[in-house]
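# Secondary and tertiary structure notes
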Amino acid sequence: MNHATLAAEFVRNRPRAHWHDTALWFVRAKRDKAVHSLPEWETLRETASAIKLHTISHLAEYLEQFERQATALGATVHWACDAAEHNQIVLDILRQHGVKKLVKSKSMLTEECHLNPYLERHGIEVTDTDLGERIVQLDRKPPSHIVMPAIHMKKEEIGELFHKHLQSAAGATDPQYLAEVARQHLRHKFMEADAGLTGVNFAVAETGGFVVCTNEGNADLGVSLPKLHIACMGIEKLIPRAKDLGVFLRLLARSATGQPITAYSSHFHGPRLGGELHIVIVDNGRSQLLASGEFRGSLKCIRCGACMNTCPVYRRSGGHSYENTVPGPIGSILAPARDPQHYYSLPYACSLCGSCTDVCPVKIDIHHQLLTWRRELAVHGHLPWTKRFSMKLASIVLRTTWLYGLMGNMGRWALRNFPRWLVYNRLNAWGRQRELPPAPRRSFRQLYQEHYGRTTTAGTSPQPGGNSVGDSQSSTSRH
Amino acid sequence: MPLVALFIPCYIDQLYPQVGLATCELLKRLDVTFEFPVEQTCCGQPMANTGCTEDARPLAEKFLRIFKDFEYVVAPSGSCVAMVRQHYDEYFHGRPEYADFQKLKAKTFELCEFLTDVLHVEKLQGQFPYRVGLHQSCHGLRELRLASDTELVGKSYNKVRSLLEMIEGVQIVQLQRPDECCGFGGTFAVNEEAVSCMMGEDRIYDHEQAGTQVLTANDMSCLMHLEGLIRRQKKPMRVMHIAEILAGGDV
């Protein structure tokens, strides 16, 4: 299904769409406040962008350096070329350790690889321990946002869900009470788990360590009790040096939620005493993005979600309308790279307002990349023929001035004289909720001629410079 | 005074001729010598934004041919100027016309930008005793940087607003979301009609809450979308292009 259809469904429930928009705007406004308290914000963005660009252009070296350093610290590094390989590696590790129960902190990569259903099919119980993730897991729905996975749900709905699954009081909606119910439930899961899985926010090539950022401390809890820690990361998560972390940790939390820093930034350097640490490094289409000159910049993304919060389309259409693990503006660049046929509508789910580009902490020119995607999709024949045909036709009319003038006159005449039912028909998407502009009798060019006399006509090119006023070009009049 | 070629976007030419005439009136008041090269049609933005860049190419070439010899090109539209300045490069890159295009690019201006940056206008005659809601059109805002936006940290400025403030009696209202998109977005308005209209309604609501009597912008396309919703819902709000206000127009 295309984005417009799913978005229209979401928008149909207007109060809910408004509520969703307001909730996300609140986060965006909080972000604005947080960044405006830092005079050096733009320097930070510039620096982060340069570091990331440098890293992705030397990615192979940094990945190898990271592997060497992480191995020296006692971790085991695995490489996965795609989602299937990633899932297989994780399952193999779990099987080797006889794991039956796994606790998992938030990881968009494992969502992207559909790890949960895969492990469940193989008899392993997976519990997401991030509160938002746990909520959507109980609801059997994918996350709708990469930072706030359950932002699409109201507290009443969460109360109902918890009542059904976690035996909370019926009709309870108090966030504090519901959070406590979840906390107690998750404590049991942490205690029972045989292994903990986390994502990776930043992996440091220089040290072989990595950082996981959470606001609930659930990553720490998940890997503190069991002896086995698996960390899954995309190849783009690298930064070169430990000292670069300061730049990114400051940018990430402010961009994501408007916090000065995430509540827990946990650094992992090798396995815990007597335990094992496995790091799974995944490509899954990323090196293809790296190879494409045009979309390479999207690999700078640190998954803060700021582009989603600011995107007027995302706020009003909801994350699920994108049908992709990473929704919103950045997701609309990443998804078609994997499957252009399926995701062809995503680059069009954008009014090109450019807010995503200005909000991006690593300065990805998101809206320009979306425009580039539209060109790529057209070139490769993924555009519906109606669009291709109408644009071709428009081009033919517009490149011939007299034809343009004639069509304009006819169009305006029709708008003035056709009965309303004929103009506002089912095919007129503009007119369903909006009036068409009032059609004037005469166009500007006709009126200009009346007011200002003759105009420059085809074939006469004026002399440069203002001093040529009143020269001998008879077909030109200047005012 | 410089010789200016008027670049009147196709939809203004056909549907909002009064905006073109107001642009002429405003330039005339400022003693600018201008003319309207009649061969012009459209900058090609609808095709380019749909991804059909090759369908836009002949229009870019036509644009260069028509306008290259003028001292300045001025348009009452941030969006069309952004198309020329930000997106025409690919059509001329590596071609003999590239140098000509670079010159053209540097002398193509949005109307308000031309007034502030080239003419350095410091005062304007005229009275407009209304509560005015300024819609910051996205392309003018984030592609041409006619004003600072709320996302970036830095000096706060607004070329469009500063011109409006020169007109006596103008009271600019305070919006909750000063630079959110109206939802027009070119073909987006039709492709994603549901979201587009909701975005427009939200913009109008913000203006209603702020007490806007006259809604203005430097892009008629945003206003065409908003006016379409306002008229359908019969809301008591006037819509005027900024050129109409600056040229001394009245409600």
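In what follows, the accompanying structure is described. Quick caveat, the model's predicted, so the values are computed rather than measured.

Attention now goes to the overall build of chain B. On a plain count of helices and strands, chain B comes out with 14 helices and eight strands. Relative to a compact globule of 251 residues, whose C-alpha radius of gyration would be 18 Å, chain B shows 18 Å and is just as compact. For chain B, the spread of C-alpha atoms along the principal axes amounts to about 55 × 45 × 40 Å. Counting only residues that meet the buried cut, chain B has 68% of its 251 residues in that class.

Along the backbone of chain A there are 22 helices and 10 strands. Its C-alpha atoms put chain A at 95 × 55 × 45 Å along the principal axes. Long-range contacts, defined as pairs at least 24 residues apart, comprise 71% of the intrachain contacts of chain A with a sequence gap of at least 6. Here chain A has roughly 20400 Å² of accessible surface; of this, 57% comes from carbon and sulfur atoms. Computed over 57 positive and 43 negative side-chain charges, the inter-centroid distance for chain A is 9 Å.

This brings us to the pattern of salt bridges. Under the criterion given, the structure shown has 50 salt bridges over all chains. A:Glu450 is the salt-bridge partner of A:Arg442, the closest N and O atoms lying 2.2 Å from each other. For A:Glu450, a relative accessible area of 49% translates into the label partly exposed. Of the charged contacts in the structure, one is a salt bridge between B:Arg161 and B:Glu165, with a shortest N-O distance of 2.9 Å. Looking at B:Glu165, the relative accessible area reads 46%, which means it is partly exposed.

Moving on to the environment of A:Ala80. Residue and element names in this part refer to chain A. Tracing the sequence through the fold places alanine 80 in strand β1 (residues 76–80). On the basis of relative accessibility, which here comes to 5%, the residue alanine 80 falls in the buried class. Placed 266 residues apart in sequence, alanine 80 and leucine 346 show a C-alpha to C-alpha distance of 27 Å. Contact partners of alanine 80, with chain neighbours within four places excluded, come to Glu85, His86, Ile89, Val280, Ile281, Val282 and Asp283.

Here we take up the pairing of strand β6 (residues 210–214) of chain A. Residues and elements named next belong to chain A. Most of β6 is tucked away, with five of its five residues classed as buried. Bridge count for strand β5 (residues 202–204) against β6 is two bridges, and the pairing is antiparallel. Counterpart to alanine 203 in the pairing with β6 is phenylalanine 210. Counted between consecutive antiparallel strands, the loop separating β5 from β6 contains five residues, among which glycine 208 sits at a positive phi close to 80 degrees.

Attention now goes to the interface of chain A and chain B. Listed by partner, the interface residues are 95 residues for chain A and 81 residues for chain B. Interface area for chain A against chain B, summed over the two sides, is near 7500 Å², with a carbon-plus-sulfur share of 58%. Across the contact surface, chain A and chain B share 12 salt bridges. We note a salt bridge from B:Asp55 to A:Lys392, for which the minimum N-O separation is 3.0 Å. Linking chain A with chain B are 44 residue pairs in polar contact (both at pLDDT 80 or more), by the criterion used here.

Residues and elements named next belong to chain A. A cluster of nonpolar side chains, Trp402, Leu406, Met407 and Met410, forms an exposed patch at the surface whose accessible area comes to about 450 Å². Tracing the backbone through its elements, the reader meets methionine 407 in helix α20 (residues 401–417). Assessed through its relative accessible area of 40%, methionine 407 is described here as partly exposed.

Conventions and cut-offs
- Numbering of residues begins from 1 in every chain and follows the order in which that chain's sequence is written.
- Working convention: letters from A go to chains and numbers from 1 go to ligands, in the order in which they are written.
- Local features are withheld for residues below a pLDDT of 70 in this predicted model, meaning they are given only at 70 or higher, and side-chain atom pairs are given and counted only at 80 or more; totals for whole chains, interfaces and linings count all residues.
- Based on all heavy atoms of the structure, the side-chain values leave hydrogens and waters out of the count.
- Secondary structure elements are taken from DSSP: a helix is a run of H or I of four residues or more, a strand is a run of E of two residues or more, and numbering for both begins at the N terminus.
- Restricting the calculation to C-alpha atoms gives the radius of gyration, and the globule rule supplies 2.2 Å times the number of residues raised to the power 0.38.
- Note on classification: 1.4 Å probe, protein chains only; a residue is buried when its accessible area is under 20% of the maximum for its type, exposed when over 50%, partly exposed between these limits.
- Should any heavy atoms of two residues lie within 4.5 Å, those residues are considered in contact.
- For accessible areas, the Shrake-Rupley method is used with a probe of radius 1.4 Å. Any residue's cover is judged against the shown protein chains and nothing else.
- Charged residues are defined narrowly, with Lys and Arg counted positive, Asp and Glu counted negative, and His plus the chain ends left uncounted.
- Charged groups are reduced to one reference atom each: NZ for lysine, CZ for arginine, CG for aspartic acid, CD for glutamic acid.
- Between Lys or Arg on one side and Asp or Glu on the other, a salt bridge is scored when a side-chain nitrogen of the former is within 4 Å of a carboxyl oxygen of the latter.
- Here a strand pair is declared whenever DSSP counts at least two bridges between the two strands.
- What counts as buried area is the accessible surface, traced by a 1.4 Å probe, that two parts surrender upon association, with contributions from both included.
- By the criterion applied in these results, polar contacts are pairs of N or O atoms within 3.5 Å in which, for protein atoms, one can donate a hydrogen and the other can accept it, and in which residues neighboring in sequence qualify only through two side-chain atoms.
- To count toward a patch, a residue needs a relative accessible area over 30% and no salt bridge; like charges are then connected within 9 Å, while nonpolar side chains (Val, Leu, Ile, Met, Phe, Trp, Tyr) are connected within 5 Å.

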